[in-house]
Amino acid sequence: MSERLTWIHQELDSLKEAGLYNRIRTLGSPQGAWLMVDGKRVLNFCSNNYLGLANEPVLVKTAQEYTQKFGVGPAAVRSIAGTMDIHLELERRLAAFKGVEAAITFQSGFTANLATLPALVGKEDVIFSDELNHASIIDGSRLSGARIARYGHADPASLEKVIQENAGSYRRGLIVTDGVFSMDGDIAPLDKIYEIAEKYDILLMVDDAHGEGVLGTGGRGIVDHFHLHGKVDVEVGTLSKAFGVVGGVVAGSAVIVEWLRQRGRPFLFSSAVTPADVGACIAAVDILESSTERVDRLWANARYFKEEMKKLGFDTGVSTTPITPVMLGEAPLAQQFSRELFEEGVFAMSIGFPTVPRGKARIRVMISAAHQKEDLDQGLAAFAKVGRKLGVIA
Ligand code: PMP
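Residues numbered from 1 in each chain as written. Predicted model: local features only at pLDDT ≥ 70, side-chain atom pairs only at ≥ 80, totals over all residues.

### With respect to the site of the ligand
In the neighbourhood of the ligand, 13 residues make up the surrounding shell, with Ser108, Gly109, Phe110, Ala209 and Ser240 lying closest. Residues that form the shell around the ligand fall into these classes: two nonpolar, nine polar and two charged. (Near = placed C-beta within 6 Å. Nonpolar A, V, L, I, M, F, W, Y, C, P; charged D, E, K, R; others polar.)

Now the structure itself:
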């Protein structure tokens, strides 16, 4: 073994000793309500396939057609070798769906944040950031070189206090928040945050990765949910969750989108998503625009599951969305709970420190429109059985 790599072996060993080593499960089937996980058929409570589109036949067929017509890869960076018209078409469709002037797509939601934050703020600026924001916001903020001023989670009073503390010390300010927080399932108070952004004349950016296709009319997202059309400067979204495909999007004013085409580094220096992805995303927009049925089913499923979990005596935390944390406390209990659920045929991951604070370990259940009532009932029965066995519920 090379000496140069010794430290990595040591680090990996210490992760294992601390119980922080991530053993990634192997999936042997397409996404859906049920999955083959490590060779076993289990109920899927893990994925972000909110609307069940990840293996929807219309999306698969459209992806095949786009591959036939446009090939498998874009073969270059759009800004250097020209953009395929299908990427522009998808961007027009996304802008229209969200009711904004323009949109620009990226390889993922993660890269959308890495592109946007450094394009909008730099060394002389301040980013006001919710303390529980997603890793891609944190990384994009660091890349920008701007000072990062964190405010209390989903707390407008704390945001205002931090803005006042920083008054006069920066050129531009930018407030950034997750729309729906992925570990707790709570919604940022964007209406109140918008009022503060207006009062202090600060740019406002929301990462709606878990609100896209979930919140608002027909899944149009958090801005629609709060009726803030035209008021939020930057809406980042992902095409990798509710849309069922992969990719990221930034929606907003034409001038911001134009600026990102000039200065968004992942746009300038990395190839775009494939024609198959584009085709599938366009088919997803078609479905979302034609009916609210999937979004309605997602919410009906989420409501049913949460109510039944509460009746059983589980604590589902502060969630008001289909993300359903089942609060358990200590990480070893959450890990054991997840293992026992798997034995019962349910795939639901435990989440502990450092992803969530110590003592707040949980199982995170991701509800989908793909679940039938019988699936949810089967999941509830497994939770009841394991919960009683481990003394979590009476
Ligand atoms: N932002 C948030 C809030 C997210 O939860 C995620 C996904 N975990 C992302 C961005 C990244 O999205 P993608 O998977 O498309 O890169």
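### A look at the sheet that holds strand β12 (residues 349-351)
Pairing in this open sheet of three strands is antiparallel, and the strands run β10-β13-β12 from one edge to the other. Among the strands making up the open sheet, the edge pair consists of β10 (323-329) and β12. Across the sheet, the mean angle from the axis of one strand to that of its neighbour is 30°, orientation sign disregarded. With six bridges connecting them, β10 and strand β13 (residues 361-366) associate as antiparallel partners. Bridge pairing in β13 places Ile323 opposite Met366. Of the strands in this sheet, β10, β12 and β13 are in contact with helix α14 (residues 331-343), which crosses β13 at around 35°. (Pairing = 2+ DSSP bridges. Helix = DSSP H or I, 4+ residues; strand = E, 2+ residues; numbered from the N terminus. Axes fitted to C-alpha atoms, helices over the stretch in contact; angles between N-to-C directions. Contact = placed C-beta atoms within 7 Å.)

### Some thoughts on the UniProt feature "modified residue: N6-(pyridoxal phosphate)lysine" (unreviewed entry) in the protein chain
The UniProt feature table records "modified residue: N6-(pyridoxal phosphate)lysine" (unreviewed entry) at Lys241. Structurally, the position occupied by Lys241 is in the loop between β8 (234-238) and β9 (248-252). Not counting residues up to four positions away in its chain, the partners in contact with Lys241 are Asn48, Tyr50, Ala209, His210 and Glu212. (UniProt positions renumbered as here; feature names shortened; annotations may be inferred.)

### Section: the UniProt feature "domain: Aminotransferase class I/classII large" (unreviewed entry) in the protein chain
Per the UniProt record, "domain: Aminotransferase class I/classII large" (unreviewed entry) is annotated on residues 41-382. Secondary structure within residues 41-382 divides into 45% helix and 17% strand; the distance between the first and last C-alpha atoms comes to 15 Å.

### Some points on the packing of helix α5 (residues 109-120) against helix α10 (residues 254-263)
Taken N-terminus to C-terminus, the directions of α5 and α10 make an angle of 100°; their axes are 10 Å apart at the nearest point. When the axis of α5 is compared with that of α10, the two are roughly perpendicular. In this structure, α5 uses Ala115, Thr116 and Ala119 to contact α10, whose residues at the interface are Trp259, Leu260 and Arg263. Here the residues of the contact of α5 with α10 are counted per class, giving four nonpolar, one polar and one charged. (Parallel < 35°, antiparallel > 145°, perpendicular 65-115°, else oblique.)

### What about helix α15 (residues 373-389)?
Along its 17 residues, α15 runs 24 Å from first to last C-alpha, staying within 8% of the 24 Å computed at 1.5 Å per residue. Every buried residue of α15 is accounted for by Asp375, Leu376, Gly379, Ala382, Phe383, Val386 and Gly387. Projected onto a plane normal to the axis of α15, the buried residues spread over an arc of 130° and lie on a single side. Residues of α15 that are exposed and angled more than 90 degrees away from the buried face: Lys373 and Glu374. (Expected span 1.5 Å × (residues − 1). Buried ≥ 20, exposed ≤ 12 C-beta atoms within 10 Å, placed from the backbone. Arc of directions from axis to C-beta.)

### Focus on the nonpolar core
Counting 110 residues, the largest nonpolar core has Ile175, Val250, Cys281 and Ala284 as its most contacted members. By residue number, the principal contributor to this core is helix α12 (residues 275-290), which donates nine residues. Among the domains, domain 1 (22-49 + 292-389) and domain 2 (71-290) are the pair contributing at least three residues each to this core. What Val250 contacts, discounting residues up to four positions off in sequence, is Ala103, Ile104, Ala112, Thr116, Val234, Val236, Val257 and Leu260. (Core = buried A, V, L, I, M, F, W, Y, C linked by C-beta atoms within 7 Å. Domains from an automatic or database assignment.)

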